[in-house]
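A closer look at the structure
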Amino acid sequence: MAKSALLKSSIAKKVAMALSGIFLMLFLAQHFFINMTSVFSADTFNSISHFMGNNPLVQYVIQPILILGVIFHFIMGIVLELKNRSARPISYAKNNGAANSSWSSRNMIITGAVIFAFLGVHFYDFWFPEMVYKYVDVNPLNEARYFHELVAKFESPVRTALYSVSFILLSLHLWHGFNSSMQSVGFNNKYSVALHKLGYVFAIVVPFGFIFIALFHHFNH
Amino acid sequence: MKLTLKIWRQKNAQDKGAMVDYQIDGIEPDMSFLEMLDVFNQDLMGKGGEPVAFDHDCREGICGMCSLYINGEAHGPDRGVTTCQLHMRMFKDGDTITIEPFRAAAFPVIKDLVVNRSAFDRIQHAGGFISVNTSGKTVDANAIPIKKEDADKAFDAASCIGCGACVATCKNSSAMLFVAAKVSQYALLPQGRLEATDRVLNMVAQMDAEGFGNCTNTGACEVECPKGISLENIARMNREYLSASLKG
């Protein structure tokens, strides 16, 4: 089989979508654990953030891969959505999707688009100022700044609300995305029931944990 | 029972088609859905109308010929049944029932509620078989020991009747459940392993060429499948396809 045929196949696309999703979920998990330290210890949060922000492997290898992963996942999501819409040119006059599938599974493009828009806001809030601080203004290293920068951002009730709503959409995206990614890579066996439960726990704990962190700093600044 | 039927009418493949409202009376709860349509057509012809074309054959849930998207669901609101096994007791007197053809670019409408599902035939021709020497020296299938669990799973996959409810139900018009069932029924058996690599590659290539959408794992196909074909088959096909791609 020609490699070009593999890359064009529907299964290869869904596996690529799943693998990029799994990669983003792993990133999300580590982001969650690091941010959660800010609730318990400003010093720990500062130390980890300083490491992540200045380690060459993280900055120059993992960070670009992460950004490419997000862009790939988003573009592939749109490509698949357009292809899927073209597969049914005439819609049903009456379609009862709720009878056989979850809302989150049918609306991944909507929740995904909201998350992507949120990432724009999130980059504007944290990533761009960080890049300017380090690489444009070339400020001296300051390990103690991260916690205060985080808390300062969540003083705004508008930003806190915006983040919280976005995390609810993230939860809905993960509700389907976690288990869907496992199915796409071919994982469906006697352990799947337990894995499904883990997926639902992940889809609740991580996004609502992020909401908790945002609210915690909003009310404790 | 007195019912309002909203039925898709389309003269031929070129016609644009539209939903048309009809009234019908005297429907018994014990009638099957297709019997209701028979009575309806008889009544319509008596009034000089053109009967509604719809697919049917065995009328006992085996052949996979009957289709129909009824009130927003493939084969209607009941579970584990084809349209011929759906009974009017599932509806109430005074109900409005919307009846549409299975919708997919790969299943073009021929007339009214009849769609062309020969895309499934072409996928089968691409690899949904095993090459057996039929010259009289064929090895008895029972001579090859097969684990009970594998035999059961292969049988479950083989119970797919190719009705197309999975495609009709899927929001992406994906044929993954159908193709996965056909791939799985052979992938699990020693007789099927010999051609497993070519089979999955060729059947998936044909599936894609027919214009079906991509599977996004909503699971709707499994719920609406009259034979209860499991999503486990799709995961197996994904594995088969990836391993075949690496070999091929």
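Quantities reported herein were computed from a predicted structural model and do not represent experimental measurements.

Each helix and strand in chain A was counted, giving nine helices and zero strands. Mapped in sequence order, the helices and strands of chain A form the string α-α-α-α-α-α-α-α-α. A principal-axis box enclosing the C-alpha atoms of chain A has dimensions of 55 × 40 × 35 Å. Residue burial in chain A is summarised as follows: out of 221 residues, 44% are buried.

Residues and elements named next belong to chain B. For chain B, the domain assignment lists domain 1 (3-111) and domain 2 (117-247). The C-alpha centroid of domain 2 is placed 29 Å from the C-alpha centroid of domain 1. In this assembly, 22 residues from domain 1 lie in contact with 19 residues from domain 2. Both faces considered, domain 1 and domain 2 share a buried interface measuring about 1,500 Å² in area, 56% of it formed by carbon and sulfur atoms. The tally of links between domain 1 and domain 2 comes to two salt bridges.

All names here are of chain B. With a phi close to 80°, leucine 68 is a non-glycine residue in the positive phi region. Mapped onto the elements, leucine 68 comes out in the loop between helix H1 (33-46) and strand E3 (69-70). We note that asparagine 217 has phi near 60°; this positive angle belongs to a residue other than glycine. Overall, asparagine 217 belongs to the buried group, its relative accessible area being 11%.

This paragraph deals with the side chain of A:Ser171. Residues and elements named next belong to chain A. With respect to the helices and strands, serine 171 occurs in helix H8 (residues 157-184). Overall, serine 171 belongs to the buried group, its relative accessible area being 8%. Setting aside residues no more than four positions away along its own chain, serine 171 makes contact with Ala203, Ile204, Pro207 and Phe208.

This paragraph deals with the nonpolar core. Within the largest apolar cluster, 44 residues are counted, with the highest numbers of intra-cluster contacts made by B:Phe120, B:Val179, B:Phe212 and B:Met237. Elements represented by at least two residues in this core include exactly helix H2 (10-40) of chain A together with helix H2 (118-125), helix H4 (165-169), helix H5 (176-187), helix H7 (196-209) and helix H9 (232-247) of chain B. At seven residues, the largest contribution of residues to this core is made by H5(B). Taken domain by domain, the makeup of this core includes at least three residues from each of domain 1 (3-111) and domain 2 (117-247) of chain B.

A few words on the environment of B:Ser118. All names here are of chain B. Locating serine 118 in the fold gives a position in helix H2. For serine 118, a relative accessible area of 21% gives the class partly exposed. Between the alpha carbons of serine 118 and proline 108 there is a distance of 9.8 Å; along the sequence they are 10 residues apart. A distance of 2.6 Å separates the side chain of serine 118 from the side chain of asparagine 116, its partner in a polar contact.

Let us now look at the UniProt feature "transmembrane region" (unreviewed entry) in chain A. Residue and element names in this part refer to chain A. Under the feature "transmembrane region" (unreviewed entry), the UniProt entry names residues 57-82, 103-124, 160-178 and 198-219. Counted over residues 103-124, helix gives 95% and strand 0%. Its end C-alpha atoms are 30 Å apart. Secondary structure across residues 160-178 divides into 100% helix and 0% strand, with the first and last C-alpha atoms of the span separated by 26 Å.

This paragraph deals with the packing of helix H6 (residues 108-136) of chain A against H8(A). Relative placement of two packed helices is described by the angle separating their axes and the distance separating the axes. All names here are of chain A. At their nearest, the axes of H6 and H8 sit 9 Å apart, and the two run at 140° to each other. Classified by the angle between their axes, H6 and H8 sit oblique to one another. H8 is crossed by H6, and the crossing has left-handed handedness. From H6, Met108, Thr111, Gly112, Val114, Ile115, Phe118, Val121, His122, Asp125 and Phe126 reach across to H8, where they touch Arg159, Leu162, Tyr163, Ser166, Phe167, Leu169, Leu170, Leu172, His173, His176 and Gly177. Of the residues contributing to the contact of H6 with H8, the split by class is 12 nonpolar, seven polar and two charged.

Before going further, it helps to spend a moment on the pattern of salt bridges. All names here are of chain A. If you walk through the whole model with that rule in mind, you get 21 salt bridges over all chains. The salt bridge partner of lysine 134 is glutamate 130, with a shortest N-O separation of 3.3 Å. Of this pair, lysine 134 and glutamate 130 both sit in helix H6, four residues apart, roughly one helical turn. For glutamate 130, a relative accessible area of 13% translates into the label buried. In this structure, glutamate 149 and arginine 145 form a salt bridge, with 3.1 Å as the shortest nitrogen-oxygen distance. Of this pair, glutamate 149 and arginine 145 both sit in helix H7 (residues 145-153), four residues apart, which is roughly one turn of the helix. On the basis of relative accessibility, which here comes to 7%, the residue arginine 145 falls in the buried class. One salt-bridge network, held together by shared partners, links Glu130, Lys134, Arg145 and Glu149.

The figure often quoted for interface size is the accessible area lost as the parts come together. At the interface, 37 residues of chain A touch 48 residues of chain B. Along the contact surface separating chain A from chain B lie zero salt bridges. The tally of links between chain A and chain B comes to 27 residue pairs in polar contact (both at pLDDT 80 or more). Every element with two or more residues in the side of chain A that touches chain B is listed here: helix H1 (3-8), H2, helix H4 (56-86), helix H5 (103-106) and H8 of chain A. Looking at side-chain class alone, the side of chain A that touches chain B contains 14 nonpolar, 16 polar and seven charged residues.

All names here are of chain A. At a closest axis distance of 7 Å, the pairing of helix H3 (residues 42-54) and H7 adopts a crossing angle of 105°. If you check the angle between H3 and H7, you find them roughly perpendicular. Residues Ala42, Phe45, Asn46, Ser49, His50 and Asn54 of H3 form the contact with H7, whose participating residues are Arg145, Tyr146, Phe147 and Leu150. For the contact of H3 with H7, a count of residues per class yields five nonpolar, four polar and one charged.

Thresholds, definitions, all that
Residues numbered from 1 in each chain as written. Chains lettered and ligands numbered in written order. Predicted model: local features only at pLDDT ≥ 70, side-chain atom pairs only at ≥ 80, totals over all residues. Heavy atoms only, no water. Helix = DSSP H or I, 4+ residues; strand = E, 2+ residues; numbered from the N terminus. Buried < 20%, exposed > 50% of the residue type's maximum accessible area, 1.4 Å probe, protein only. Domains from an automatic or database assignment. Contact = heavy atoms within 4.5 Å. Buried area = accessible area lost by both parts, 1.4 Å probe. Salt bridge = Lys/Arg side-chain N within 4 Å of Asp/Glu carboxyl O. Core = buried A, V, L, I, M, F, W, Y, C linked by side-chain atoms within 4.5 Å. Polar contact = N/O pair within 3.5 Å; in protein donor to acceptor, adjacent residues only side chain to side chain. UniProt positions renumbered as here; feature names shortened; annotations may be inferred. Axes fitted to C-alpha atoms, helices over the stretch in contact; angles between N-to-C directions. Parallel < 35°, antiparallel > 145°, perpendicular 65-115°, else oblique. Left-handed = near helix turned anticlockwise from the far one by under 90°. Nonpolar A, V, L, I, M, F, W, Y, C, P; charged D, E, K, R; others polar.

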